[in-house]
Protein chains: 2
Amino acid sequence: MLFSRSTEYAIRTLVYLAMNASESHRIGIKKMAKDLGFPEHFLGKILQDLAKKRVVVSSKGPHGGFYMDDDAKNRSIISVVEIIDGLGFFDQCGLGLCECNEDKPCPIHKNYQIFKGDLFKLLSEKTINDMKEDLIKGVAFMNFE
Amino acid sequence: MLFSRSTEYAIRTLVYLAMNASESHRIGIKKMAKDLGFPEHFLGKILQDLAKKRVVVSSKGPHGGFYMDDDAKNRSIISVVEIIDGLGFFDQCGLGLCECNEDKPCPIHKNYQIFKGDLFKLLSEKTINDMKEDLIKGVAFMNFE
DNA sequence: ATAATAAAAGATAACAAGGTCTTTTATTCT
DNA sequence: AGAATAAAAGACCTTGTTATCTTTTATTAT
């Protein structure tokens, strides 16, 4: 698995929020967990992290819940990965060597660097909004249920 | 991390064996663990798996130990990954969706497929012997110490 | 045969990731 | 103010991976 489960849940949750929630229509953890099929309390933890980093807006009390403001919807996927998992993956050697760099590359260094670079680019360019648009257009699917 | 620690250890151990061991000069777990800096018993387990799958030849008793025959040295990296971790990574969705395929792709499906394909190709084409050659030529490094 | 050597095998421990539960705090509505 | 709602916070449990330890089995040399 490329990313942790937490990151996967986070990305899918954000797309869900971008599509379904707004300042005037906040959505609570319970409903989200049910709709997305995620464990409720685990999702709570993830949303807590996302709220601290201002990726989502949270509010307590009746009619409380979460939503994303327009800025946040333009966040790249990679910025979400960064918040939850960190970006360690992108500077690690494919063979797990601690000393592996341009000067002393491991036997798959060069190609692996290219692979990581391409992936980084993809995840940097794609935003939550892009994903939402793809879903609306019907060119991508994400199976909430 | 792309692969498990076991797979990383396995690959590095095989390159080490390709370079240093032979039918007439078998190397034991203790020496390998020391040279490579891996936990001895953990390495033992990995070598056991590799021996079962005929990637290495093992023999007990005095002057026992491990070596690779020439066939095995031409193994691809991917075949080692397959033995230890399996190839699940290569048919999994980048977002962890269970239903994600050409018909119902997730929003990053297409590009992610390409990356996985490229990586698979790289790991399929590169053999243990290739890595050994790179190290001998001095175009790659692997920091046995 | 016996002793020494070395891998195989199995049991167990340590740790991290994933997931659950309970209590606390903040907000809203009556 | 008080009751209800909902997130925040923290403690705790479960599972899987990583690592270690001990016993058994096979081989070799004396």
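Let us look at the structure shown here. Since the structure is predicted, the reported quantities are computational estimates derived from the model, not experimental observations.

### A look at the protein's contact with DNA strand D
Phase 1: Inspection of the region around DNA strand D gives 26 residues, with Gly28, Lys45 and Ser58 of chain A together with Pro39 and Phe42 of chain B positioned closest.
Phase 2: Atoms of DNA strand D within 4 Å of the protein: sugar and phosphate make up 59%, bases the balance.
Phase 3: Here lysine 45 of chain A contributes a side-chain N or O atom positioned 2.6 Å from a base nitrogen of DNA strand D.
Phase 4: Counting residues per element, the surface near DNA strand D draws most heavily on helix α3 (residues 40-52) of chain A, which supplies 4 residues.

### Focus on the interface of chain B and chain A
Accessible area lost during the coming together of the parts is what is often quoted as the interface size.
Phase 1: Facing 36 residues of chain B, the contacting portion of chain A comprises 36 residues.
Phase 2: Counting the surface lost from both chain B and chain A, the interface buries some 3,000 Å², and carbon and sulfur atoms represent 70% of this.
Phase 3: Together, Pro107, Phe115 and Phe141 of chain B form the three largest contributors to the area buried by chain B at its contact with chain A, with a combined 21%.
Phase 4: One can count 0 salt bridges joining chain B with chain A.
Phase 5: Where chain B packs against chain A, one counts 4 residue pairs in polar contact (both at pLDDT 80 or more).
Phase 6: Looking at the side of chain B that touches chain A, the elements with two or more residues in it are α1 (5-20), α6 (109-125) and α7 (128-137) of chain B.
Phase 7: Residue composition of the side of chain B that touches chain A, by class: 23 nonpolar, 5 polar and 8 charged.

### Observations concerning helix α2 (residues 29-36) of chain A
Residues and elements named next belong to chain A.
Phase 1: Residues of α2 that are buried include every one of Met32, Ala33 and Leu36, and no others. Angularly, the buried residues of α2 cover 100 degrees about the axis, an arc narrow enough to put them on a single face. Opposite its buried face, α2 presents the exposed residues Lys30 and Lys34, each directed more than 90 degrees away.
Phase 2: Looking at the buried residues of α2, the elements they touch are α1 (5-20), α3 and β2 (65-67).
Phase 3: Glycine 37 sits one or two residues past α2 and shows a positive phi near 75 degrees.

What counts and how
- Residues numbered from 1 in each chain as written.
- Chains lettered and ligands numbered in written order.
- Predicted model: local features only at pLDDT ≥ 70, side-chain atom pairs only at ≥ 80, totals over all residues.
- Heavy atoms only, no water.
- Near = heavy atom within 4 Å.
- Polar contact = N/O pair within 3.5 Å; in protein donor to acceptor, adjacent residues only side chain to side chain.
- Helix = DSSP H or I, 4+ residues; strand = E, 2+ residues; numbered from the N terminus.
- Contact = heavy atoms within 4.5 Å.
- Buried area = accessible area lost by both parts, 1.4 Å probe.
- Salt bridge = Lys/Arg side-chain N within 4 Å of Asp/Glu carboxyl O.
- Nonpolar A, V, L, I, M, F, W, Y, C, P; charged D, E, K, R; others polar.
- Buried < 20%, exposed > 50% of the residue type's maximum accessible area, 1.4 Å probe, protein only.
- Arc of directions from axis to C-beta.

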